[in-house]
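Survey of secondary and tertiary structure
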2 protein chains.
Amino acid sequence: MEQTKFMLGEEDIPTHWYNIQADLPEPLPPIIHPGRMDPVTPDDLAPIFAMELIKQEVSQERWIEIPEPVRDVYKLWRPTPLYRARRWEQALGTPARIYYKWEGVSPPGSHKPNTAVAQAYYNKMEGQTRITTETGAGQWGSALSFACNLFDMECKVYMVGISYDQKPYRKSMIEAWGATIVRSPSLETSVGKKYLEEVPGHTGSLGLAISEGVEDAVTHEGSKYALGSVLNHVLLHQTVIGQEMKKQFELADDYPDMLIGCIGGGSSMAGFSLPWVTDKIKDGKDLQFICVEPMASPSVTKGLYKFDFGDAAATTPLMKMYTLGHSFIPAPIHAGGLRYHGMAPIICHLNDLGIMETLALHQVPVFDAAVSFAKAEGIIPAPEPSHAIKVAMDEALKCKETGEEKVIAFNLCGHGHFDMAAYDTYFAGDLVNYEYPAEKVAEAQKELPEVPPEYQ
Amino acid sequence: MEQTKFMLGEEDIPTHWYNIQADLPEPLPPIIHPGRMDPVTPDDLAPIFAMELIKQEVSQERWIEIPEPVRDVYKLWRPTPLYRARRWEQALGTPARIYYKWEGVSPPGSHKPNTAVAQAYYNKMEGQTRITTETGAGQWGSALSFACNLFDMECKVYMVGISYDQKPYRKSMIEAWGATIVRSPSLETSVGKKYLEEVPGHTGSLGLAISEGVEDAVTHEGSKYALGSVLNHVLLHQTVIGQEMKKQFELADDYPDMLIGCIGGGSSMAGFSLPWVTDKIKDGKDLQFICVEPMASPSVTKGLYKFDFGDAAATTPLMKMYTLGHSFIPAPIHAGGLRYHGMAPIICHLNDLGIMETLALHQVPVFDAAVSFAKAEGIIPAPEPSHAIKVAMDEALKCKETGEEKVIAFNLCGHGHFDMAAYDTYFAGDLVNYEYPAEKVAEAQKELPEVPPEYQ
């Protein structure tokens with residue numbers, strides 16, 4: 001009987017994170033200070049982030065050592081399994097070989113703790129006692145509360161209103177690990193109050209919750225802020241995923257033709273694929289990188305590649321990224337982790353260079369694919385990675401037509417145990433697709449800041 | 001840094017189930033036909049169960065081969081990890097070494113698919129197209145729908161009313177795998193109708209849901225019934241847990257002093273511990289087996305060791321077990337999987353022989369221990385195994401007093417992702433302990449059937 005899982009031992013947990021910045025054919029554009037309109041310095045970022053994370057953000061070192069206490073926490077769930085989806089291949093009747101990296105085995109249920117643990121550790125080492133953050137679907141907020149608890153730190157989570165209402169049990173999980181969670185927009189920050197006054201019961205957005213988290217951090221002693229995606233250092237920490245996967249493909253004696261991942265802020269796709277990008281840009285491998293985003297928030301496929309704020313309230317530094325405009329609030333799709341106006345600069349850069357490509361999908365076909373996968377493989381996926389599942393399925397079905405034996409790999413970055421209400425809606429036939437809101441986006445993009453041409 | 005997880009490869013999945021009946025110092029009492037009042041024959045059971053399962057129920061063979069298609073499905077999540085709870089040991093400040101076997105990595109989230117897959121397989125091989133069952137907390141119903149789906153069979157689940165209301169997302173999970181689920185008591189069986197007429201909105205019980213599942217199976221062509229615990233063949237299939245654990249303890253170069261598991265029907269404790277029982281009864285190892293049950297349904301510590309029906313409606317064959325009386329309906333504790341009036345005959349027999357021992361606990365201290373564990377180890381446990389966690393904690397704290405370096409192992413048989421409402425209640429301070437209802441039990445025990453003395 002063929003092998004189903006490719007497992008590694010604790011000794012195979014990577015010792016270093018891989019920094020793609022060392023290998024990019026062109027460097028990333030700088031991060032711009034929104035007041036001065038010139039590149040930010042570490043001092044600009046120091047009120048918000050731990051200094052070690054700021055250093056990692058701009059580091060050009062190829063390998064950055066993982067501190068032993070972080071690696072030791074990783075042992076609670078890493079290395080994660082790589083699966084060969086034999087039953088799903090059979091159900092689809094495809095000659096393709098499908099693999100998935102299964103990150104849902106972490107206690108919070110996704111890839112997010114890979115960076116949460118690192119961020120909590122560095123903040124602790126630098127004397128902080130408390131971390132604030134935002135969370136969309138709750139995966140990141142769970143991960144950071146899990147991590148802060150292990151390093152004996154306080155944690156305060158601003159959860160996007162719509163998700164807070166849709167997923168009450170993420171709240172319970174966050175509380176079980178001892179963190180505090182509030183619905184965003186909240187009355188606890190001046191920006192939250194402003195939005196609530198304008199729209200009582202405001203359903204919130206990731207950009208808005210980020211604004212609240214940042215304001216909270218800079219106004220409280222001993223507090224810093226942590227972001228769960230988008231930034232270079234966050235993507236860096238996620239590269240343990242792709243590194244493990246390379247060893248696992250060796251065990252499988254196979255090599256992928258395409259790597260598929262969902263993108264919201266970009267961290268799961270990055271962690272899964274960046275260690276493979278050098279195979280393409282240095283070794284000339286014919287390797288396809290397919291990012292998948294929701295049609296309700298299609299930053300890369302429909303956004304402008306311009307500098308923009310990371311948050312709704314226009315308080316963060318400016319990053320060059322594909323953006324729908326920082327004031328754009330996406331429709332309440334169930335993939336709450338993908339409801340973001342922008343995208344990780346690294347993912348944008350690689351798309352811009354033609355190294356990666358991106359597709360946008362509606363949520364109903366995404367759930368069709370999720371259920372097809374769950375019935376064959378057992379695992380009930382979160383709505384976010386189900387976007388990758390849909391593309392993997394389409395590619396496998398193309399192979400069925402052509403007879404090609406392509407090797408398809410995707411990142412199954414989280415389970416759907418806290419998303420069952422979304423499945424209920426789907427089974428009841430009540431799930432709707434949201435058309436791309438071109439006019440709202442055009443409106444939001446009018447507010448993009450103008451950055452001097454020398455930094456473009 | 002010390003090792004956290006002890007992992008095995010797919011080649012280490014056991015090839016045989018271990019049948020304790022071959023090694024019991026005294027044989028099990030027979031199963032009695034309630035009409036004839038003599039031992040049941042395979043023909044008596046044939047309308048309800050697959051013939052291969054009936055053979056396993058009474059087999060005296062020590063090792064029963066696991067069919068290759070079953071072993072192949074096991075690969076979706078087995079072997080499961082054995083963890084050393086280093087962080088929890090440190091948090092408790094104990095010199096004890098604590099290990100836990102983590103069965104929550106299966107897609108349905110518990111140990112239940114170990115037998116669900118086997119039962120679906122044998123029914124499929126014997127030409128059945130549909131399986132009916134009951135479920136308490138939903139772990140078993142999820143597992144059977146998962147298994148039936150993999151073997152392309154229909155599945156109908158009767159879920160105990162109180163759990164159906166408390167855990168709506170178990171229902172969604174069961175539906176995601178294509179099974180049908182109804183609240184029990186239901187209008188779909190004559191026994192369900194009878195109870196609903198007596199008490200509209202009846203909250204149900206495991207015993208009552210079993211009655212409905214059995215009635216449905218015997219009244220529908222191509223259908224058989226499957227039970228998720230109690231019976232010998234169910235416990236047999238679970239022995240993959242303890243067998244893997246023996247290899248893992250060898251890897252850890254350690255040996256347990258005590259094995260702790262929760263008991264509701266008895267299958268998780270049995271699967272975890274039976275492969276170790278021979279170490280005690282044959283090799284004379286000083287090994288303690290501690291079963292833990294809820295004070296609201298304390299079959300072993302407070303029940304009578306007598307013959308009783310397995311279901312509330314008094315339709316099943318009679319088994320000799322510690323029982324609170326088949327008409328007893330336990331209080332609505334959150335550990336829905338432990339709300340059963342009886343107990344697996346094998347677990348009862350081993351308790352009666354003094355090879356195992358049993359404790360009963362209230363649910364508030366159980367949740368205290370669950371949260372202590374979750375904060376240290378990350379995993380949020382289901383309420384059922386949290387009973388074992390509490391005893392492990394107490395034993396570890398005793399070691400702190402005495403300085404003993406005992407080796408404590410417990411079975412973490414499921415995650416709590418579908419039990420977060422129970423955690424909410426706990427954090428809100430609203431969780432209550434239910435006193436042992438002595439009068440209700442005495443009343444129910446008046447209805448115990450009288451079996452001829454030669455079979456006692």
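A quick note: this is a predicted structure, and the numbers were derived from the prediction, not measured. (Residues numbered from 1 in each chain as written. Chains lettered and ligands numbered in written order. Predicted model: local features only at pLDDT ≥ 70, side-chain atom pairs only at ≥ 80, totals over all residues. Heavy atoms only, no water.)

With respect to the overall build of chain A
In terms of regular secondary structure, chain A is built from 19 helices and 15 strands. Along the first, second and third principal axes, the C-alpha atoms of chain A reach 60 × 50 × 50 Å. Across the 456 residues in chain A, those meeting the buried criterion constitute 68%. For chain A, the accessible surface area stands at approximately 14600 Å², while carbon and sulfur atoms represent 50% of it. For chain A, the separation between the mean place of its 39 positive charges and that of its 60 negative charges on side chains is 3 Å. (Helix = DSSP H or I, 4+ residues; strand = E, 2+ residues; numbered from the N terminus. Buried < 20%, exposed > 50% of the residue type's maximum accessible area, 1.4 Å probe, protein only. Areas by Shrake-Rupley, 256 points an atom, 1.4 Å probe, with all protein chains shown as cover. Lys, Arg positive; Asp, Glu negative; His and termini not counted. Charge placed at Lys NZ, Arg CZ, Asp CG, Glu CD.)

A short note on the pairing of strand 13 (residues 318-323) of chain A
Residue and element names in this part refer to chain A. Burial runs high along strand 13: six of the six residues are buried. In strand 13, alternate side chains face the same way, and those of L318, K320 and Y322 on one face and M319, M321 and T323 on the other are all buried. Pairing geometry for strand 12 (residues 304-309) and strand 13, over six bridges, is antiparallel. Within strand 13, the residue paired with K306 across the bridge is M321. (Pairing = 2+ DSSP bridges.)

Some remarks on the interface of chain B and chain A
Contacts between the two partners involve 44 residues from chain B and, on the opposite side, 44 residues from chain A. Buried surface at the junction of chain B and chain A, summed over both partners, amounts to about 4100 Å²; 57% is from carbon and sulfur atoms. One can count six salt bridges joining chain B with chain A. Among the salt bridges present, the one from A:D72 reaches B:R86, with a minimum N-O distance of 3.0 Å. Here chain B is connected to chain A by 23 residue pairs in polar contact (both at pLDDT 80 or more). Every element with two or more residues in the side of chain B that touches chain A is listed here: helix 3 (68-74), helix 4 (86-92), helix 6 (139-150), helix 8 (168-176), helix 16 (363-377) and helix 18 (420-427) of chain B. Its residues assigned to classes, the side of chain B that touches chain A comprises 23 nonpolar, eight polar and 13 charged. (Contact = heavy atoms within 4.5 Å. Buried area = accessible area lost by both parts, 1.4 Å probe. Salt bridge = Lys/Arg side-chain N within 4 Å of Asp/Glu carboxyl O. Polar contact = N/O pair within 3.5 Å; in protein donor to acceptor, adjacent residues only side chain to side chain. Nonpolar A, V, L, I, M, F, W, Y, C, P; charged D, E, K, R; others polar.)

Some thoughts on the packing of helix 16 (residues 363-377) of chain A against helix 17 (residues 383-402) of chain A
Residues and elements named next belong to chain A. Running from N to C, helix 16 and helix 17 cross one another at 80°; their axes reach a closest spacing of 8 Å. Looking at the two axes, helix 16 sits roughly perpendicular to helix 17. Mapping the contact onto sequence places P365, V366, F367, A369, A370, S372 and F373 in helix 16 and P383, S386, H387, I389, K390 and M393 in helix 17. The residue inventory of the contact of helix 16 with helix 17, partitioned by class, reads nine nonpolar, three polar and one charged. (Axes fitted to C-alpha atoms, helices over the stretch in contact; angles between N-to-C directions. Parallel < 35°, antiparallel > 145°, perpendicular 65-115°, else oblique.)

Focus: the sheet that holds strand 8 (residues 180-184) of chain A
Residue and element names in this part refer to chain A. In spatial order, the strands read 8-7-6-9; together these four strands make up an open sheet with parallel pairing. Strands with a single pairing partner mark the edges of an open sheet, and in this sheet they are strand 8 and strand 9 (223-225). On average, adjacent strands in this sheet sit at an angle of 25° to one another, irrespective of strand direction. With three bridges joining them, strand 6 (residues 130-135) and strand 9 adopt parallel strand pairing. Bridged to R130 within strand 9 is S223.

Let's talk about the sheet that holds strand 9 (residues 223-225) of chain B
Residues and elements named next belong to chain B. Here we have four strands laid out as an open sheet, ordered 8-7-6-9, and parallel in their pairing. Both edges of this open sheet fall to strand 8 (180-184) and strand 9, since each of them pairs with a single strand only. On average, adjacent strands in this sheet sit at an angle of 20° to one another, irrespective of strand direction. Where strand 7 (residues 154-160) lies against strand 8, five bridges are found, and the strand directions are parallel. Bridge assignment links V160 to a residue of strand 8, and that residue is S184. Lying over the sheet, helix 6 contacts strand 6 (130-135) and strand 7, oriented at roughly 165° with respect to strand 6.

What to know about helix 18 (residues 420-427) of chain A
Taken together, the buried positions of helix 18 of chain A are A:M420, A:A422, A:Y423 and A:Y426. An end-on view of helix 18 of chain A places all buried positions within 150° of arc, on one side of the element. Considering only its buried residues, helix 18 of chain A is in contact with helix 16 and helix 17 of chain A together with helix 8 of chain B. Just past helix 18 of chain A, the residue A:G429 takes up positive phi, approximately 80°. (Arc of directions from axis to C-beta.)

What to know about the packing of aromatic side chains
Summed over all chains, the structure comprises 43 aromatic pairs over all chains. With a centroid separation of 5.3 Å and 50° between ring planes, the pair formed by A:Y18 and A:W63 is classed as tilted. Of this pair, A:Y18 sits in strand 2 (residues 16-18) while A:W63 sits in strand 3 (residues 63-65), and the two are 45 residues apart along the sequence. Overall, A:Y18 belongs to the buried group, its relative accessible area being 4%. Among the residues examined, A:W63 registers a relative accessible area of 45% and is labelled partly exposed. Among the aromatic residues, those joined into a ring-pair cluster are A:F6, A:Y99, A:F249, A:Y255 and A:W276. Between the NZ or CZ atom of A:R84 and the centre of the ring of A:Y99, over which it lies, the distance is 5.9 Å. The ring of B:W276 carries the charged tip of B:K246 above its face, separated from the ring centre by 5.5 Å. (Phe/Tyr/Trp six-rings, centres within 6.5 Å; stacked < 30°, edge-to-face > 60°. Lys NZ or Arg CZ within 6 Å of the ring centre and 35° of its normal.)

Looking at the pattern of salt bridges
Residue and element names in this part refer to chain A. Summed over all chains, the structure comprises 59 salt bridges over all chains. The partner of E188 in a salt bridge is K156, with the nearest N and O atoms 2.6 Å apart. A residue pair is termed long-range when its members are at least 10 positions apart, and E188 in the loop between strand 8 and helix 9 (190-198) and K156 in strand 7 (residues 154-160) qualify at 32 residues. Residue classification places E188 among the partly exposed positions, given a relative accessible area of 46%.

A few points about the environment of B:W276
Residues and elements named next belong to chain B. With respect to the helices and strands, the residue W276 is situated in helix 13 (residues 267-281). Spatially, the C-alpha atom of W276 lies 25 Å from that of I31, the residues being 245 residues apart in sequence. Residues within four places of W276 in sequence aside, it is in contact with G242, M245, K246, F249, Y255, P256, L259, L287 and F289.

Some thoughts on the nonpolar core
Of all hydrophobic cores here, the largest spans 110 residues; its most connected members are B:W17, B:L274, B:F289, B:I347 and B:M356. Broken down by element, the residue count for this core peaks at seven residues, all from helix 6 of chain B. Apart from the residues within four sequence positions on either side, B:I347 is in contact with B:L235, B:I263, B:G266, B:M269, B:A270, B:C291 and B:M356. One finds A:I54, A:L235, A:L274 and A:M356 within the second-largest nonpolar core, a separate group that totals 58 residues. (Core = buried A, V, L, I, M, F, W, Y, C linked by side-chain atoms within 4.5 Å.)

Notes on the environment of B:L361
Residues and elements named next belong to chain B. Here L361 is to be found in strand 14 (residues 357-361). Sequence separation of L361 and S145 is 216 residues, and the distance between their C-alpha atoms is 31 Å. Those residues within four positions of L361 in sequence are excluded, and the remaining contacts are V292, E293, P294, M295, V366, H387, K390 and V391.

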